[in-house]
Structures are given as C-alpha cells and as structure tokens.
Amino acid sequence: MLVGPVSNAGHYTYLNGVAQNDRQTSDRALLTWTHFLQPRLQLQFQGGTDIHVKNGPQENWRLNFRIARAF
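Note that the coordinates shown come from a computational prediction; the quantities given were computed from them, not determined experimentally. (Residues numbered from 1 in each chain as written. Predicted model: local features only at pLDDT ≥ 70, side-chain atom pairs only at ≥ 80, totals over all residues. Heavy atoms only, no water.)

Let's talk about the overall build of the chain
Move 1: Scanning the chain from terminus to terminus reveals zero helices and six strands.
Move 2: Along the three orthogonal principal directions, the C-alpha set of the chain runs to about 55 × 25 × 15 Å.
Move 3: Here the chain, with 71 residues, has 14% of them falling under the buried criterion.
Move 4: When the accessible surface of the chain is totalled, it reaches about 5800 Å², and 57% of it is carbon and sulfur.
Move 5: Between the mean site of the 7 positive side-chain charges and the mean site of the 4 negative ones, the chain shows a separation of 13 Å. (Helix = DSSP H or I, 4+ residues; strand = E, 2+ residues; numbered from the N terminus. Buried < 20%, exposed > 50% of the residue type's maximum accessible area, 1.4 Å probe, protein only. Areas by Shrake-Rupley, 256 points an atom, 1.4 Å probe, with all protein chains shown as cover. Lys, Arg positive; Asp, Glu negative; His and termini not counted. Charge placed at Lys NZ, Arg CZ, Asp CG, Glu CD.)

Things to note about the pattern of salt bridges
Oppositely charged side chains can form a pair if their charged atoms are brought close together.
Move 1: Counted by the stated rule, this structure contains three salt bridges.
Move 2: With its nearest N and O atoms 3.1 Å apart, the salt bridge here joins Arg-28 to Asp-50. Within this pair, whereas Arg-28 is found in strand β4 (residues 25-38), its partner Asp-50 is found in strand β5 (residues 41-54), the two being separated by 22 residues in sequence. Of the two residues, Arg-28 and Asp-50, both sit in the buried class.
Move 3: In this structure, Glu-59 engages Arg-28 in a salt bridge whose closest nitrogen and oxygen atoms are separated by 3.9 Å. Within this pair, whereas Glu-59 is found in the loop between β5 and β6 (62-69), its partner Arg-28 is found in strand β4, the two being separated by 31 residues in sequence.
Move 4: A residue is classified by how much of its surface remains accessible, and Glu-59, at 29% relative accessible area, is partly exposed.
Move 5: Bridged by salt links that share partners, the residues Arg-28, Asp-50, Glu-59 and Arg-62 form one connected network. (Salt bridge = Lys/Arg side-chain N within 4 Å of Asp/Glu carboxyl O.)

Quick notes on the environment of Ile-51
Move 1: For Ile-51, the position within the fold is in strand β5.
Move 2: Setting aside anything within four residues of it in sequence, one finds Ile-51 in contact with Asp-27, Arg-28 and Ala-29. (Contact = heavy atoms within 4.5 Å.)

A closer look at the sheet that holds β5
Two pairing modes exist for strands in a sheet, parallel and antiparallel, and in both the strands are linked by backbone hydrogen bonds.
Move 1: Spatial ordering of the open sheet is given by β1-β4-β5-β6, a layout of four strands whose pairing is antiparallel. The outermost strands of the open sheet, each flanked by one partner alone, are β1 (2-9) and β6. Averaged over all neighbouring strand pairs, the angle between strand axes comes to 25°, with direction disregarded.
Move 2: Bridge count between β5 and β6: eight bridges; the pairing is antiparallel. (Pairing = 2+ DSSP bridges. Axes fitted to C-alpha atoms, helices over the stretch in contact; angles between N-to-C directions.)

And the structure:
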C-alpha cells in the first residue's frame, strides 16, 4: 500500500518570444494498493483527488483499477 502526495509542474509557454506567465501545476493525493495473485498476475487499485491546480483541468475524484500480467 502506498499513500502520498504527487506534484506535477509544466513549463511556461512563449508567444513570439514573450513569456505568457502561464505555468501549469497540480498537486494531488493518491492512495494505491497492489497485490500479486500469482507471480505473474498483479491487481492494482488507485484512488485520489487533486488538491490544488493552477492553469489546467482539475480532477475531483480518480479511481483506477488495473490487472497486469507479466509475460
């Protein structure tokens, strides 16, 4: 199980060589649980939400479920 914050930061954009001062940033909290059913078969659940977003879309809630098989 993993609990922790995630922070993403983008770059400034330029138009005709002039900085637009529109850097995109987001901070989110995630909870991840992973379990191996077999040595080559893994289940993963992940849930989280955005805490702070600047200049970008905000997720109110995220829920992921994954099944992975190593070959």
